[in-house]
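# Structural overview
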Amino acid sequence: AQGNTLAHYSLGVMHLEGTGVEKDCQAAIKKFLKPICERGPWGKMIHNAYQAYGRGEYFTSYRLYLRAAEQGYESGLVSAAWLYDRGPHDIDHFLAYDQTLATNVTVLAHERMNRALRLYLRATDQGNVEAEIRAGDFYYYGYGTSVKHDAAAAHYRQAGMRSQ
């Protein structure tokens, strides 16, 4: 959201309470309160992750996006998911440090896609259309999970409804 933070906050509270506008908790949160919460100093973490990626510092970027994702920030969720999903091939190298994973490349690739799907699904809970489409793709093609056409259709349908 752009504009004055206090004005957005006030509009959010008005929508929550139904003061002078129709009461709409979803609009209050999605249009006004969530965007101003994401303006805080933690936004710098996302910016630093983006810059690190641009410099080719993929591991640093991955760590920062993942930290933002763990805190529930939508842009962190989608960006970390993208790194697992389509990022540099050496992302498997990062996963190899995780002692719970086998060193078999096929297992690493499957786990990488499974982690991407889990992050995309968390982002869909926040209304992210891009994540909704990618989750549909994962279920349609069986990336990191088994093929589930009914789940794919549900995510595509939801993405279509959110895009209107």
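In the block above lies the structure referred to throughout.
The notes below deal with the structure included here. These numbers were taken from a predicted model, which means no experiment stands behind them. (Residues numbered from 1 in each chain as written. Predicted model: local features only at pLDDT ≥ 70, side-chain atom pairs only at ≥ 80, totals over all residues. Heavy atoms only, no water.)

### Section: the packing of helix H4 (residues 58–70) against helix H5 (residues 74–86)
In the contact formed by H4 and H5, the axes pass within 7 Å of each other and the chain directions differ by 135°. The orientation of H4 relative to H5 falls into the category oblique. The hand of the H4/H5 crossing is left-handed. Contacts between H4 and H5 involve Ser61, Tyr62, Tyr65, Leu66, Ala68 and Ala69 from the former and Gly76, Leu77, Ser79, Ala80, Leu83 and Tyr84 from the latter. The class makeup of the residues in the contact of H4 with H5 is nine nonpolar, three polar and no charged. (Axes fitted to C-alpha atoms, helices over the stretch in contact; angles between N-to-C directions. Helix = DSSP H or I, 4+ residues; strand = E, 2+ residues; numbered from the N terminus. Parallel < 35°, antiparallel > 145°, perpendicular 65-115°, else oblique. Left-handed = near helix turned anticlockwise from the far one by under 90°. Contact = heavy atoms within 4.5 Å. Nonpolar A, V, L, I, M, F, W, Y, C, P; charged D, E, K, R; others polar.)

### Structural notes on the packing of aromatic side chains
This structure, assessed with the given rule, holds eight aromatic pairs. Arranged with centres 5.5 Å apart and planes meeting at 20°, the rings of Tyr141 and Tyr143 form a pair that is stacked. Tyr141 sits in the partly exposed class, given a relative accessible area of 48%. Members of the aromatic cluster, connected to one another through ring pairs, are Tyr120, Phe138, Tyr140, Tyr141 and Tyr143. (Phe/Tyr/Trp six-rings, centres within 6.5 Å; stacked < 30°, edge-to-face > 60°. Buried < 20%, exposed > 50% of the residue type's maximum accessible area, 1.4 Å probe, protein only.)

### Comments concerning the packing of helix H8 (residues 129–141) against helix H9 (residues 149–162)
Following both chains from N to C, one finds H8 and H9 inclined at 160°, their axes separated by 7 Å at the closest point. If you check the angle between H8 and H9, you find them roughly antiparallel. The hand of the H8/H9 crossing is left-handed. Here Val129, Glu132, Ile133, Ala135, Gly136, Asp137, Tyr139 and Tyr140 of H8 lie close against H9, whose contacting residues are His149, Ala151, Ala152, His155, Tyr156, Gln158, Ala159 and Arg162. Its residues placed into classes, the contact of H8 with H9 shows nine nonpolar, four polar and three charged.

### Comments concerning the side chain of Asn128
Assignment of secondary structure puts Asn128 in the loop between helix H7 (105–124) and H8. Here Glu130 takes part through its backbone nitrogen, which lies 3.1 Å from a polar atom of the side chain of Asn128. In this structure Asn128 touches Glu74, Val78, Ala123 and Arg162, once residues within four positions along its chain are discounted. (Polar contact = N/O pair within 3.5 Å; in protein donor to acceptor, adjacent residues only side chain to side chain.)

### Digging into the nonpolar core
Core analysis: the largest hydrophobic core is formed by 28 residues, its most contacted members being Tyr65, Leu66, Ala80, Tyr84, Leu119, Tyr120 and Phe138. Secondary-structure elements contributing two or more residues to this core are helix H3 (43–54), H4, H5, H7, H8 and H9. Residues contacting Leu119, with those up to four places away along its chain left out, are Leu66, Ala69, Leu77, Ala80, Ala81 and Tyr84. (Core = buried A, V, L, I, M, F, W, Y, C linked by side-chain atoms within 4.5 Å.)

### With respect to the side chain of Arg115
By secondary structure assignment, the location of Arg115 is in helix H7. Within the local environment of Arg115, its side chain forms a polar contact with the side chain of Glu111, the two groups lying 2.8 Å apart.

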